[in-house]
Amino acid sequence: MTGLRLAGRHGAIDAVVRVPGSKSVANRALVCAALVPGGGISTVEGVPDGDDCEAMMDALRICGAVDGPRIHGGCVPGEATRFDARLAGTTSRFLTAVGALSTGGVVIDGDAPLRRRPMADLHEALRSLGATVESTEGPAGSLPVRVASSGLHGGTVGVRGDVSSQFVSALMLLGPCLEGGLVLRIEGELVSRPYVEMTARVMTEFGAVVHVDDALISVAGGSYSARTYSVEPDFSSAAFPLLSLAHGHGTVRVPSLATARLQGDSVVLELLDRMGISVRVDGSDIVAHRPHGAPVRGVDVDLRDASDLVPALAVAACAASGTTRISGIGFIRGKESDRIADLVEGLRMLGAHAEAHGDGISVTGGRLEPQGMLRTHHDHRLAMAFSMAAAGGHSVELDDGDVVSKSWPGYFEDMHDVLGPFSERN
């Protein structure tokens, strides 16, 4: 763990920031490609180099599925295979579902923070489909977990929708491999619904037949088909340079972002407009602009369908007039960190007035006065969000700058023209 200090940027921003490909899209495409039967070969282009996708690629290499840029289908993991998901919740949950196809059994594990994240609902759903699922060290419903096929079958499964959409997506990805397909009955409200729709659309690109309704998701039995697939730029990452204009002024251009079509986090463009930061499409690029001295307004928004935007929006709200209220996000307490309590802690360290509520937070804008080292809690999005204050000339110190490697290893270098210079601190 390496600390990092941003001295603060002064003057107008004139930045072109290329964001990584969407890790959410990439990991879905990689699983679909790996599950193509008969050794069919796919190519997945634009896979980002963050830890989450590296963990998925490492798992596929263990299975013998990776040959340069090509992914060989049909490489089901064999007995005694162990996958290390590191800190990647999506990767761990997708690999758990894939592991249910292994007759010999596989073990999925991760770093300590991932071992604390909820997994029980996914484990129980896989058991109902005929898988053997056993937590091997910690409490039931946690990692590490051993998963094996034990007469795996399709059918109808009930799954809670208010814990993590990743459980739903993991089961959906498994659906085409089950005889008779799979019907998921969503119990309660489905959070982060756009991620479920993203899963369906990526699966469809690989030949699956998927229907998503309000409370039922059906996946036809059959198989995936090999293809070449290009991963679109990541809106979740783009939120950081774009919303940094709440603290600074000038122009930020994100190349190729206008070509992205699958991500619910594209709602960030609407949020920018509501806050008073202009946004336009220029060819395939998104360009955001804020004149010097232009006011930034607080917003009242429900982000249950785009919860990865919460840290960036909350830090942007520190520079806005009035109070910003973000609701519908109680479930993000179970992310890489407690993204409500830990975010509020950091906002207060920045000098903002912030409060946690049952399902969200409120942030009242004002003059920021950062007050020492900010804790990132092993959470890449907290680290990137807290750094945004440097766009307004504030000095920001983070206890761990390396944590951004989860999704955007080159974040601080790529954001130099937005945030200014940085230095590492031991």
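Residues numbered from 1 in each chain as written. Predicted model: local features only at pLDDT ≥ 70, side-chain atom pairs only at ≥ 80, totals over all residues. Heavy atoms only, no water.

**Q** Can you break down the overall build of the protein chain residue by residue, with the values?
**A** Scanning the protein chain from N- to C-terminus turns up 14 helices and 24 strands. In summary, the protein chain has a C-alpha radius of gyration of 21 Å against a globular reference of 22 Å for 426 residues, a match within 12%. Taken along the three principal axes of its C-alpha coordinates, the protein chain extends 65 × 45 × 45 Å. Classification of the 426 residues of the protein chain by burial places 58% in the buried group. For the protein chain, long-range pairs separated by at least 24 residues make up 75% of all intrachain contacts whose partners lie at least 6 apart in sequence. (Helix = DSSP H or I, 4+ residues; strand = E, 2+ residues; numbered from the N terminus. Rg over C-alpha atoms; globule rule 2.2 N^0.38 Å. Buried < 20%, exposed > 50% of the residue type's maximum accessible area, 1.4 Å probe, protein only. Contact = heavy atoms within 4.5 Å.)

**Q** Help me get a handle on the sheet that holds strand β9 (residues 145-149), residues and values and all.
**A** Across the sheet, four strands lie side by side as β6-β7-β9-β8; this open sheet has mixed pairing. The open sheet has two edge strands, β6 (81-84) and β8 (131-135), and neither has a second partner. When strand polarity is set aside, the average angle formed by the axes of neighbouring strands in this sheet is 20°. Here β6 pairs with strand β7 (residues 106-109) via four bridges, running parallel. Its bridge partner being in β7, T81 is matched across the sheet by V106. (Pairing = 2+ DSSP bridges. Axes fitted to C-alpha atoms, helices over the stretch in contact; angles between N-to-C directions.)

**Q** Pulling in residues and values, what's your account of helix α5 (residues 120-128)?
**A** Those residues of α5 not exposed but buried are L122, H123, A125 and L126. Buried residues of α5 fall within an arc of 165° about the axis and therefore sit on the same side. Looking at the residues trailing α5, positive phi occurs at G130, about 100°. (Arc of directions from axis to C-beta.)

**Q** Just give me the short version of the sheet that holds strand β13 (residues 216-219), but keep the residues and values in it.
**A** If you trace the four strands from one edge of the open sheet to the other, you get β10-β11-β13-β12, paired in mixed fashion. The strands lining the two open edges of the sheet, one partner per strand, are β10 (155-160) and β12 (210-212). Each strand axis lies, on average, 15° off the axis of its neighbour in the sheet, ignoring direction. In this sheet, β13 lies alongside β12 in antiparallel orientation, the contact comprising three bridges. The residue of β13 that forms the bridge with V210 is V219. Against the sheet, helix α7 (residues 193-205) contacts β12 and β13, and its axis sits at roughly 160° relative to β12.

**Q** Residues and numbers for the packing of aromatic side chains, please.
**A** Tallied over the entire structure, the rule returns five aromatic pairs. Ring geometry for F240 against Y411: centres 6.2 Å apart, planes inclined by 85°, an arrangement best described as edge-to-face. Of this pair, F240 sits in helix α8 (residues 235-243) while Y411 sits in helix α13 (residues 411-414), and the two are 171 residues apart along the sequence. Between Y411 and F412, the ring centres sit 5.0 Å apart and the planes meet at 80°, which makes this aromatic pair edge-to-face. Neither Y411 nor F412 differs from the other in exposure class; each is buried. (Phe/Tyr/Trp six-rings, centres within 6.5 Å; stacked < 30°, edge-to-face > 60°.)

**Q** Just give me the short version of the side chain of T81, but keep the residues and values in it.
**A** Relative to the helices and strands, T81 is located in strand β6. Taking relative accessible area as the criterion, T81 reaches 11% and is therefore assigned buried. In this view, T81 contacts I62, G105, V106 and V107; residues no more than four positions away in its chain are not counted.

**Q** Break down the pattern of salt bridges for me, with residues and values.
**A** In this structure the tally under the stated criterion is 28 salt bridges. We note a salt bridge from R127 to E124, for which the minimum N-O separation is 3.3 Å. Highlighted residues: R127 and E124, both in helix α5, separated by three residues, approximately one helical turn. Across the pair K406 and E336 runs a salt bridge, and its minimum N-O distance is 3.4 Å. Taken as a pair, K406 in the loop between β23 (396-398) and α13 and E336 in the loop between β19 (323-327) and α11 (341-349) lie far apart in primary sequence, 70 residues in all. Since its relative accessible area comes to 13%, E336 is described here as buried. Through salt bridges with shared partners, a single network forms among K23, D52, R117, D308, E336, R339, D379, R381 and K406. (Salt bridge = Lys/Arg side-chain N within 4 Å of Asp/Glu carboxyl O.)

**Q** Lay out the side chain of E336 with the relevant residues and their values.
**A** Here H380 takes part through its side chain, which lies 3.3 Å from a polar atom of the side chain of E336. At a separation of 3.4 Å, a polar atom in the side chain of E336 contacts the side chain of K406. In this view, E336 contacts L87, P113, R117, H377, H378, D379, H380 and K406; residues no more than four positions away in its chain are not counted. (Polar contact = N/O pair within 3.5 Å; in protein donor to acceptor, adjacent residues only side chain to side chain.)

**Q** Please give an account of the packing of α5 against helix α6 (residues 165-174) that cites residues and values.
**A** At a closest axis distance of 9 Å, the pairing of α5 and α6 adopts a crossing angle of 30°. Classified by the angle between their axes, α5 and α6 sit roughly parallel to one another. Considering how the two elements wind past one another, α5 and α6 form a crossing that is right-handed. Facing D121, L122, A125 and L126 of α5, the residues of α6 in contact are F167, A170, L171 and L174. (Parallel < 35°, antiparallel > 145°, perpendicular 65-115°, else oblique. Left-handed = near helix turned anticlockwise from the far one by under 90°.)

**Q** Describe in detail the state of the cysteines, supporting the description with residues and values.
**A** Evaluated as defined, the whole model comprises zero disulfides. Free of any disulfide, C53 has its nearest neighbouring cysteine sulfur in C32, separated by 13 Å. In this model C177 remains outside any disulfide bridge; the closest cysteine sulfur is found in C32, 9.1 Å from its own. (Disulfide = S-S within 2.5 Å.)

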